[in-house]
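# Structural description and commentary
Single-letter residue listing:
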Amino acid sequence: MALITFSNPEYKDRTLYAVAGSHTQTLLKLAQENKVPIPFSCQDGECGTCLVRVSSVDRKNQRMGAHLTAKEITVLGELGKLTQKEIDEIAVTDLPSRWRLACQMIVRDEDILVEY
Ligand code: FES
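Residues numbered from 1 in each chain as written. Predicted model: local features only at pLDDT ≥ 70, side-chain atom pairs only at ≥ 80, totals over all residues. Heavy atoms only, no water.

For the chain, the count of helices and strands is three helices and five strands. Secondary structure elements of the chain, listed N to C terminal, follow the sequence β-β-α-β-α-α-β-β. Pairs at least 24 residues apart make up 71% of the contacts formed inside the chain by residues separated by at least 6 positions. Split by element, the accessible area of the chain, about 6800 Å² in all, is 51% carbon and sulfur. (Helix = DSSP H or I, 4+ residues; strand = E, 2+ residues; numbered from the N terminus. Contact = heavy atoms within 4.5 Å. Areas by Shrake-Rupley, 256 points an atom, 1.4 Å probe, with all protein chains shown as cover.)

Listed below in structure tokens is the structure:
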């Protein structure tokens, strides 16, 4: 189980339990199921509407791998949220980017703060 805290200045913070490692539950799906109003459009990693900033708040203080999808890397690059240097580093280290697309990010066994 992971604790996911959604934060937006216009809404009260919401912290949810998420089943980690299902390989199917995206951050956006979790938000939708719990009526967290993250903006979205295509739900397919192409428009960038669901851009979120993610940081680890895990007590174990372990950052997990990124596993950014190819679409996510392309869109985050186009939005100026990933530099080519960061894209190259992610390919080698698999360390997470603080910017993600909620419709592409799979929830993992890590407590995180999601700002939208
Ligand atoms: S909703 Fe379009 S990229 Fe996520």
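The next point concerns the side chain of Asp111. Inspection of the secondary structure puts Asp111 in the loop between β4 (99-101) and β5 (112-115). Within the structure, Asp111 has its side chain in polar contact with the backbone nitrogen of Leu3 (distance 2.8 Å). (Polar contact = N/O pair within 3.5 Å; in protein donor to acceptor, adjacent residues only side chain to side chain.)

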